[in-house]
Amino acid sequence: MAQVRITTPLTDEVVEKLTIGQQVLISGKIYTARDAAHKKLVDLLKEGKPLPIDIEGQIVYYVGPSPAKPGQVIGSAGPTTSGRMDAYAPTLMGEGLKGMIGKGSRTKEVIEAMQKYKAVYFAAVGGAAALIAKKITSSKVIAYPELGPEAIHELIVEDLPVIVVNDIYGRDLYQEGIKNYAIND
Amino acid sequence: MREINVQSIIETVAKLCTEANYFLGSDVLDAIKEAKEKEASTLGKDILEQLVTNAAIAREESVPMCQDTGYAVIFVELGQDVHIVGGALNDAINEGVRKGYTEGYLRKSIVGHPLERKNTGDNTPAVIHVKVVPGDKLKITIAPKGGGSENMSAIKMLKPSEGVEGVKKFVVESVKAAGSNPCPPIVVGVGIGGTFEKCAYLAKEALLRPVGEQNPLPDIAKLEQDLLQAINKLGIGPQGLGGRTTALAVHIEIYPAHIASLPVAVNINCHAARHKEAIL
């Protein structure tokens, strides 16, 4: 299948061209965050305080890697279930977040926020964690080191393979994909 | 009486923890490769290919195939003529898990109190199921279980009148509701019969069988095939993005039931259907 290459930070122009089902290779800087880090970020915004990372045009990857072996940049690093971040995602999109990488479907609110703020949701292949780790060329903790594997890491990725699941046009590959292949008899 | 020292149990469990997480079994890998040939969705095919490549990388580099290296679920078949010396069986198993997960760079995913949720830091305790059997051997099987697929499991106490159709309906609905969350293609473990807790145990035990190996009872083997077909008609596909490979296999275990009961349990495993055993 044809693949599209994109580099962070993402602009509206790039995001507008992405449609569901496309296989995309991401390069550049991305951030990691799971529920605990999301809660901290959204709490800061509620208090009117600045975020510890600049998320304008950026992508957040929902991941909690396994520990790195000596000589490894990062341990195995497949996506975690995105639903746990649904409560926080619209707020971050409001701050300029342009992409999310995870696995599993999003709520109606998140999908609507993607349309409103022009952001895209990508699925990485759940369980393809050793393969994904090979696409990460650098990893460093950039905020909340006290969260251990759940700390916010800044990753540099090269051709990280993902699939567009929700685009800015409100389409949802989880819904459409199943419809296309279901056999009703 | 044959004596087995806890030290050999510790070493064996530690080794099983890492091997189960680094090396995907040929049963699962073959099933994924076969599914790839048949998959109708191009994207689905590409995803299955990624899983094959991923397993190869994990094997070559001795790294976890998935970052969720799971809850250490351990099944022990303890020969009644075995005498364990040097310590307690459960302590030895937990020490083995601690060693395997720490020295093998596996992720520690266990919180000590389900509500306070502080990580125990070494992936202990394990969930340990012990069965006493005839003989003087000790068989240890580890099945590391990821959270994403475990969360999609379900159990229901059906009315006996609902029969096999009720069982089918509940299993298929449970898989449908799970959708993309358990990382399809999945392996579906089903327990039918027993009591509430026995039924859940049967569903888990069903996942230990090599992928695709049928239940020896012809009627249950047929039910496994029927359910697999019904599940693969759902269209969920690899990673839930649409396709014909939603499940690689359905495994059913049954047990006698109470005259008033027809319990059914569904335990879903992601495509990283890890299980590894050793006999001491």
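Overview of the structure. (Residues numbered from 1 in each chain as written. Chains lettered and ligands numbered in written order. Predicted model: local features only at pLDDT ≥ 70, side-chain atom pairs only at ≥ 80, totals over all residues. Heavy atoms only, no water.)

The next point concerns the overall build of chain B. A count of helical and extended segments in chain B gives eight helices and 10 strands. Computed over its C-alpha atoms, the radius of gyration of chain B comes to 19 Å, within 12% of the 19 Å expected for a compact globule of 280 residues. Considered along the principal axes of its C-alpha atoms, chain B spans approximately 55 × 50 × 40 Å. Excluding contacts between residues fewer than 6 apart, the proportion of contacts in chain B whose partners are at least 24 apart in sequence is 81%. Carbon and sulfur atoms provide 54% of the accessible area of chain B, an area that totals close to 11800 Å². Charge centroids of chain B, computed over 30 positive and 33 negative side chains, lie 4 Å from each other. (Helix = DSSP H or I, 4+ residues; strand = E, 2+ residues; numbered from the N terminus. Rg over C-alpha atoms; globule rule 2.2 N^0.38 Å. Contact = heavy atoms within 4.5 Å. Areas by Shrake-Rupley, 256 points an atom, 1.4 Å probe, with all protein chains shown as cover. Lys, Arg positive; Asp, Glu negative; His and termini not counted. Charge placed at Lys NZ, Arg CZ, Asp CG, Glu CD.)

Attention now goes to the packing of helix α6 (residues 163-178) of chain B against helix α8 (residues 218-232) of chain B. Residues and elements named next belong to chain B. Look at α6 against α8: their axes get within 10 Å of each other, and the N-to-C directions meet at 40°. Classified by the angle between their axes, α6 and α8 sit oblique to one another. Considering only the axes of α6 and α8, their crossing is right-handed. In this structure, α6 contributes V164, K168, V171, V172 and V175 to the contact, and α8 contributes L223, D226, L227, A230 and I231. Broken down by class, the residue content of the contact of α6 with α8 amounts to eight nonpolar, no polar and two charged. (Axes fitted to C-alpha atoms, helices over the stretch in contact; angles between N-to-C directions. Parallel < 35°, antiparallel > 145°, perpendicular 65-115°, else oblique. Left-handed = near helix turned anticlockwise from the far one by under 90°. Nonpolar A, V, L, I, M, F, W, Y, C, P; charged D, E, K, R; others polar.)

Listed by partner, the interface residues are 41 residues for chain A and 38 residues for chain B. Each partner contributes to the roughly 3300 Å² buried at the junction of chain A and chain B, and carbon and sulfur atoms together form 59% of this total. Summed over the shared surface of chain A and chain B, the result is one salt bridge. Between E61 of chain B and K134 of chain A there is a salt bridge, with its nearest N and O atoms 2.4 Å apart. For the pair chain A and chain B, the interface holds 16 residue pairs in polar contact (both at pLDDT 80 or more). Those elements that provide at least two residues to the side of chain A that touches chain B are α5 (129-133), β7 (152-166) and α6 (173-181) of chain A. (Buried area = accessible area lost by both parts, 1.4 Å probe. Salt bridge = Lys/Arg side-chain N within 4 Å of Asp/Glu carboxyl O. Polar contact = N/O pair within 3.5 Å; in protein donor to acceptor, adjacent residues only side chain to side chain.)

Residue and element names in this part refer to chain B. Read across the sheet, four strands follow the order β4-β2-β5-β10 without closing on themselves; strand pairing throughout is mixed. Where the open sheet ends on each side, the last strands, each with one partner, are β4 (127-133) and β10 (276-279). When the angles between neighbouring strand axes are averaged without regard to direction, this sheet yields 15°. In this sheet, β4 lies alongside strand β2 (residues 71-79) in parallel orientation, the contact comprising seven bridges. Bridging across to β4, L78 finds its partner in V132. The strands that helix α1 (residues 6-22) touches are β2, β5 (138-145) and β10; relative to β5, the one it contacts most, it runs at about 35°. Taken strand by strand, helix α7 (residues 196-206) contacts β2, β4 and β5, and its axis lies near 90° from that of β4. (Pairing = 2+ DSSP bridges.)

Before going further, it helps to examine the packing of aromatic side chains. A complete count under the given rule lists two aromatic pairs over all chains for this structure. Ring geometry for Y22 of chain B and F23 of chain B: centres 5.9 Å apart, planes at 80°, overall edge-to-face. Pairing F75 of chain B with Y201 of chain B gives two aromatic rings, centres 5.9 Å apart and planes at 50°, and the pair type is tilted. Here Y201 of chain B lies in helix α7 and F75 of chain B lies in strand β2, a separation of 126 residues in the sequence. A relative accessible area of 6% means that F75 of chain B is categorised as buried. A relative accessible area of 19% places Y201 of chain B in the buried class. We note K40 of chain A situated over the ring of Y144 of chain A; from NZ or CZ to the ring centre the distance is 5.2 Å. One Lys or Arg, K198 of chain B, reaches over the ring of Y255 of chain B and ends 4.3 Å from the middle of that ring. (Phe/Tyr/Trp six-rings, centres within 6.5 Å; stacked < 30°, edge-to-face > 60°. Buried < 20%, exposed > 50% of the residue type's maximum accessible area, 1.4 Å probe, protein only. Lys NZ or Arg CZ within 6 Å of the ring centre and 35° of its normal.)

Residues and elements named next belong to chain B. A complete count under the given rule lists 31 salt bridges over all chains for this structure. Between R107 and D68 there is a salt bridge, with the nearest N and O atoms lying 3.8 Å from each other. Pair noted here: R107 is in the loop between α4 (89-103) and β4 and D68 is in the loop between α3 (42-61) and β2, with a separation of 39 residues, a long-range link. The exposure class assigned to R107 is buried, which follows from its relative accessible area of 12%. For D68, a relative accessible area of 13% corresponds to the buried category. Look at the salt bridges and you will find they share partners, linking E165, K168, K222 and D226 into a network.

Turning our eyes to something else, we now look at a nonpolar patch on the surface. Residues I155, M157 and F196 of chain B make up a contiguous nonpolar surface patch of roughly 280 Å² in combined accessible area. Tracing the backbone shows F196 of chain B in helix α7. (Patch = residues over 30% accessible without salt bridge, like charges linked within 9 Å, V, L, I, M, F, W, Y side chains within 5 Å.)

What follows concerns the nonpolar core. I26, I30, I101, F122 and I152 of chain A are the most contacted members of the largest nonpolar core, which totals 88 residues. Once residues lying within four places of it in the same chain are set aside, the contact partners of I152 of chain A are Y31, T32, A33, A37, L41, I53, K140, V141, I142, A143 and Y144 of chain A. (Core = buried A, V, L, I, M, F, W, Y, C linked by side-chain atoms within 4.5 Å.)

Without other data, these values stay purely geometric and don't point to any function.
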